[in-house]
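A structural walkthrough
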Amino acid sequence: KDRMKIVPITDAFGPPGAPPSTDEHGRNNNDFDALVLSHETLETGYALNCHRVDILKMKPLTLLCTRRTEPHGMSSTALRRARSGE
């Protein structure tokens, strides 16, 4: 309900691609409804949904693709280049 959860992604799909589990309080750790993606990562979102449906037997997520409004983008590659001074 009107909650937003920001989580780190350490593998191809991150927490939304993990099998459902509960924490010490009995809360579901994989209760995502939607995923915000860039145009560059939209294909990964499609692959994640296939994984959730075919492998995990879970419902697919709503995929929300952001519109780029800045001229240089916010991809991880662009951020790394900006940090290194390229």
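Cut-off values and rules
Residues numbered from 1 in each chain as written. Predicted model: local features only at pLDDT ≥ 70, side-chain atom pairs only at ≥ 80, totals over all residues. Heavy atoms only, no water. Helix = DSSP H or I, 4+ residues; strand = E, 2+ residues; numbered from the N terminus. Buried < 20%, exposed > 50% of the residue type's maximum accessible area, 1.4 Å probe, protein only. Contact = heavy atoms within 4.5 Å. Areas by Shrake-Rupley, 256 points an atom, 1.4 Å probe, with all protein chains shown as cover. pLDDT = per-residue confidence, 0-100. Core = buried A, V, L, I, M, F, W, Y, C linked by side-chain atoms within 4.5 Å. Salt bridge = Lys/Arg side-chain N within 4 Å of Asp/Glu carboxyl O.

1. What to know about the overall build of the protein
- Scanning the protein from N- to C-terminus turns up two helices and two strands.
- In sequence order, the secondary structure elements of the protein are arranged as β-α-β-α.
- Buried residues in the protein amount to 20% of all 86 residues.
- Sequence-distant contacts, at least 24 apart, represent 55% of the contacts inside the protein between residues at least 6 apart.
- A total accessible area of about 6,900 Å² is found for the protein, and carbon and sulfur atoms account for 56% of it.

2. As for the confidence of the model for the protein
- On average, the protein scores 83 in pLDDT, and the residues at 70 or more come to 83%.
- Mean pLDDT values over the elements of the protein span from 71, in helix H2 (residues 76-84), up to 96, in helix H1 (residues 42-54).

3. Things to note about the nonpolar core
- Core analysis: the biggest nonpolar cluster contains six residues, these being Phe32, Leu35, Leu37, Leu42, Leu48 and Leu61.
- For this core, the elements supplying multiple residues, two or more each, are strand S1 (34-37) and H1.

4. Observations regarding the pattern of salt bridges
- Under the definition given, this model contains two salt bridges.
- The partner of arginine 27 in a salt bridge is aspartate 23, with the nearest N and O atoms 3.0 Å apart.
- Relative accessible area serves as the criterion here: at 19%, aspartate 23 is assigned to the buried category.
- Between aspartate 33 and lysine 59 there is a salt bridge whose closest N-O contact spans 3.4 Å. Taken together, the residues span a long stretch of sequence, with aspartate 33 in the segment before S1 and lysine 59 in the loop between H1 and strand S2 (62-65) at a distance of 26 residues.

5. What to know about the environment of leucine 61
- Mapping leucine 61 onto the fold places it in the loop between H1 and S2.
- It is 10.0 Å that separates the C-alpha atoms of leucine 61 and aspartate 31, two residues lying 30 residues apart in sequence.
- Setting aside chain neighbours within four positions, we find leucine 61 in contact with Pro16, Phe32, Asp33, Ala34, Leu35, Leu48, Asn49 and Arg52.

6. Describing the environment of leucine 64
- Mapped onto the elements, leucine 64 comes out in strand S2.
- Since its relative accessible area comes to 42%, leucine 64 is described here as partly exposed.
- Taking the C-alpha atoms as reference points, leucine 64 and leucine 37, separated by 27 residues in sequence, lie 6.0 Å from one another.
- If sequence neighbours within four positions are ignored, leucine 64 has contacts with Ala34, Leu35, Val36 and Leu37.

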